Amino acid sequence: MMSNKKVLVTGGAGFIGAHTAVELIQAGYETVIVDNFSKSDRTLLDGMEKILGKKPTFLEGDCTDKEFLQNIFSTQGPFSCVLHFAAFKSVNESVEKPLAYYRNNVGSLIALLEVMKENNVADIIFSSSCTVYGQPDSVQVDENTPFKKAESPYGATKQMCERILEDAYKTGYRVISLRYFNPIGAHPSALIGELPIGVPGNLVPFITQTAAGKREKLTVFGNDYNTPDGSCIRDFIHVVDVATAHVKAMEYLDGQPKENLYDVFNLGTGVGASVLELVELFKKVTGVNLPYTIGPRRPGDVEKVYANADKLNKAFNWKTRYTMAEGLLHAWQWEKKLMSK
């Protein structure tokens, strides 16, 4: 690893950003975190400090604000790479608030790319999503699977951001887009984890909050899909595996020739599991009863999708380390830690 590696992590006080920042700092990267706390608070920063034994470098601000970004680049740079996590990510919220999603997700990327160009920073690793595929023709998707119409404004913003990056890279950027599937779990230390503000948009925190008694019951949205048990099928990947893949992505980018580059990688386990399977596995690994009911289908949900992750595994010489059961157990340990506060 080059000794002058200083990186900027946007959205670094959020679920995936915080776990990735920990892995980067532990791998020896000088890391500057920015977040505006619109979807998080200081809890994960405090947890990171406990894991790392030192305060991470953090600045509060909004990535749609070019002046704020320019100040970061001027005072904290030079950066060798930017990891861009700062986005709203709830499928169902995006259906209710589409304009907020377009303004934040697309606007922050454009502002960031402009400021990167002004400061001669070429390398960016972008948080994309499997929602770019829409409802694909094949259930297991690889990177060449054509995009279908996005099922939600959130998915549409990720499609649009990838298109922007694909157009922009020809003007001097080096880009890797990582298409996440469904990150779950928490750091094995239980010092950081998923911390939704308000009603969770993701399944696992809804499960753990129900198990903890914070919510009356879990609603499984739809049991009449064309799947073995009628519930949606997803690819659930441990958040620490997602985080370590970002470190590998930066190493991979370092090893490429210095000219313009654009590449995309699926980041998943390659295994599909249904929502009801996940619920039953949670009950099994924790021994906690979980009341749930079947509700109507939810707008924006894709029926079934999971990753073909061979391209990333081979290019990065990387594979997932944690099982779905471990992800659920770590998420539950994190929830219990939150309850004890």
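Above this note sits the structure.
What counts and how
In this convention, every chain numbers its residues from 1, walking through the sequence in written order. Residues qualify for local features only when their pLDDT is at least 70, as the model is predicted, and side-chain atom pairs are given and counted only at 80 or more; totals for whole chains, interfaces and linings, by contrast, use all residues. As a rule here, side-chain values cover all heavy atoms of the structure and leave hydrogens and water aside. Strands here are runs of E lasting at least two residues and helices are runs of H or I lasting at least four, both read from the DSSP assignment and numbered beginning at the N terminus. Summary of the burial criterion: residues with accessible area below 20% of their type's maximum are buried, those above 50% are exposed, and those between are partly exposed, where the area comes from a 1.4 Å probe applied to protein chains only. Here a residue-residue contact requires only that any non-hydrogen atoms of the pair lie within 4.5 Å. Here, Shrake-Rupley sampling with a 1.4 Å probe gives the accessible areas, and only protein chains in the shown set may cover a residue. Here the positive residues are Lys and Arg and the negative ones are Asp and Glu; neither His nor the chain ends is included. Lysine's charge is taken at NZ, arginine's at CZ, aspartate's at CG and glutamate's at CD. In this description, one arc is meant: the one made by directions from the helix axis to the C-beta atoms. The pocket and cavity definitions rest on a 1 Å grid over protein atoms only: a 1.4 Å probe that fits but cannot leave marks a cavity, an open set with protein on both sides within 12 Å along at least five of seven lines marks a pocket, and residues lining either have an atom within 4 Å of a point. Grid points are joined across faces, edges and corners, and a volume is the space filled by probe spheres set on the points. Under the convention adopted here, Pro, Cys and the residues Ala, Val, Leu, Ile, Met, Phe, Trp and Tyr are nonpolar, Asp, Glu, Lys and Arg are charged, and Gly plus all remaining residues are polar. Whenever a carboxyl oxygen of Asp or Glu lies within 4 Å of a side-chain nitrogen of Lys or Arg, that contact is scored as a salt bridge. We call a set of buried Ala, Val, Leu, Ile, Met, Phe, Trp, Tyr and Cys residues a nonpolar core when their side-chain atoms join them within 4.5 Å. For a helix, the expected span equals 1.5 Å multiplied by the residue count minus one. Whether two aromatic rings pair depends on their centres lying within 6.5 Å, for rings of Phe, Tyr and Trp, where Trp uses its six-membered ring; planes under 30 degrees apart make the pair stacked, over 60 edge-to-face, and the rest tilted. Charge-over-ring contacts are defined here by two conditions on Lys NZ or Arg CZ: a distance within 6 Å of the ring centre and an angle within 35 degrees of the ring normal. Note on definitions: angles span 0 to 180 degrees between N-to-C directions of axes, and those axes are lines fitted to C-alpha atoms, for helices only across the stretch in contact. Small angles under 35 degrees read as roughly parallel and large ones over 145 as roughly antiparallel, with 65 to 115 read as roughly perpendicular and the rest as oblique. By definition, turning the near helix anticlockwise from the far helix through less than a right angle yields a left-handed crossing, and turning it clockwise yields a right-handed one. Here a polar contact is taken to be a pair of N or O atoms separated by no more than 3.5 Å, where protein atoms must pair a possible hydrogen donor with a possible acceptor and residues adjacent in sequence count only if both atoms sit in side chains.

From N to C terminus, the protein chain includes 11 helices and 15 strands. Expressed as lengths along the three principal axes of its C-alpha atoms, the size of the protein chain is roughly 55 × 45 × 40 Å. Counting across all 341 residues of the protein chain, residues that qualify as buried make up 57%. When contacts within the protein chain are restricted to residue pairs at least 6 apart in sequence, those whose partners lie at least 24 apart make up 80%. Counting every atom, the protein chain has about 14300 Å² of accessible surface; 49% of that belongs to carbon and sulfur. Each charge sign in the protein chain was given a centre, from 37 positive and 39 negative side chains, and these centres are 2 Å apart.

So, about helix α2 (residues 43-52). Of the residues making up α2, those classed as buried are L44, L45, G47, M48, I51 and L52. Looking straight down α2, one finds its buried side chains confined to an arc of 160°; they lie on one side. On the buried face of α2, the contacting elements are α1 (15-26), β2 (30-35), β3 (57-60) and α11 (324-339). Taken from the residues just after α2, G53 is the one with a positive phi, measuring 75°.

Here the focus is the layout of surface pockets. Of the voids in this model, the second largest pocket is the one considered here, and its volume is about 200 Å³. Along the wall of the second largest pocket there are 13 residues; nearest its centre are E143, E166, R179, Y262 and V264. Within the residue set of the lining of the second largest pocket, elements represented by two or more residues are α6 (153-168) and β12 (261-267). Broken down by element, the lining of the second largest pocket gets its largest block of residues, 4 residues, from α6. Within the lining of the second largest pocket, the residues separate by chemical class into 3 nonpolar, 3 polar and 7 charged.

Under the defined criterion, the tally for this structure stands at 20 salt bridges. Between R42 and E60 there is a salt bridge, with the nearest N and O atoms lying 3.6 Å from each other. In this pair, R42 is assigned in the loop between β2 and α2 and E60 in strand β3, connecting sequence segments 18 residues apart. Looking at E60, the relative accessible area reads 47%, which means it is partly exposed. Within this structure, K39, E93 and K97 form a network of salt bridges that share partners.

We now examine the nonpolar core. Formed by 30 residues in total, the largest nonpolar core has its most connected members in I125, I176, L178 and L267. Within the residue set of this core, elements represented by two or more residues are β1 (6-10), α1, β4 (81-84), β7 (174-180), α8 (239-254), β12 and α10 (310-316). The element that contributes the greatest number of residues to this core is α8, accounting for 9 residues. Leaving out residues up to four positions away in the same chain, L267 has contacts with L178, R179, Y180, F181, I237, V242, A245, H246, L312 and W318.

A separate point is empty space enclosed by the protein. If you walk through the whole model with that rule in mind, you get 1 cavity of 30 Å³ or more. Of the volumes computed, that of the largest cavity is approximately 70 Å³. Lining the largest cavity, in full, are G185, E194, V204, P205, T208, A331, W334 and E335. Elements represented by at least two residues in the lining of the largest cavity include exactly α7 (203-211) and α11. Each residue belonging to the lining of the largest cavity can be placed in one class, and the counts come to 4 nonpolar, 2 polar and 2 charged.

Before going further, it helps to spend a moment on helix α9 (residues 275-286). Between the first and last C-alpha of α9 there are 17 Å, a value that for 12 residues agrees with the 16 Å anticipated at 1.5 Å per step. Buried within α9 we find V275, L276, L278, V279, F282 and T286. End-on view of α9: buried residues confined to an arc of 160°, all on one side of the axis. Phi turns positive one or two residues past the end of α9, at G287, with a value near 70°.

Next up on the list: the packing of aromatic side chains. Pairs of aromatic rings are described using the distance from one ring centre to the other and the angle between the two planes. Following the criterion strictly, the structure yields 9 aromatic pairs and no others. Centre to centre, the rings of Y252 and F265 are 5.6 Å apart; their planes meet at 85°, and the pair counts as edge-to-face. Note that Y252 is positioned in helix α8 and F265 in strand β12, a separation of 13 residues in sequence. Taking NZ or CZ as reference, K39 lies 4.8 Å from the ring centre of F88, over its face. One residue, K311, lies across the ring of F265, its end atom 4.7 Å from the ring centre.

Once that is clear, we can look at the packing of α9 against α11. Interaxial distance between α9 and α11 falls to 9 Å at its minimum, and their mutual angle equals 65°. If you check the angle between α9 and α11, you find them roughly perpendicular. Every pair of crossing elements has a handedness; the one defined by α9 and α11 is right-handed. Contacts from L278, L281, F282, V285 and T286 in α9 reach M324, A325, L328, L329 and W332 in α11. When grouped by side-chain class, the residues that make up the contact of α9 with α11 number 9 nonpolar, 1 polar and no charged.

Structurally, T208 can be placed in helix α7. T208 gets classed as buried once you look at its relative accessible area, which sits at 3%. Among the polar contacts listed, one links the side chain of T208 to the side chain of E335, at a separation of 2.8 Å.

Purely geometric stuff here, so don't read any function into it on its own.
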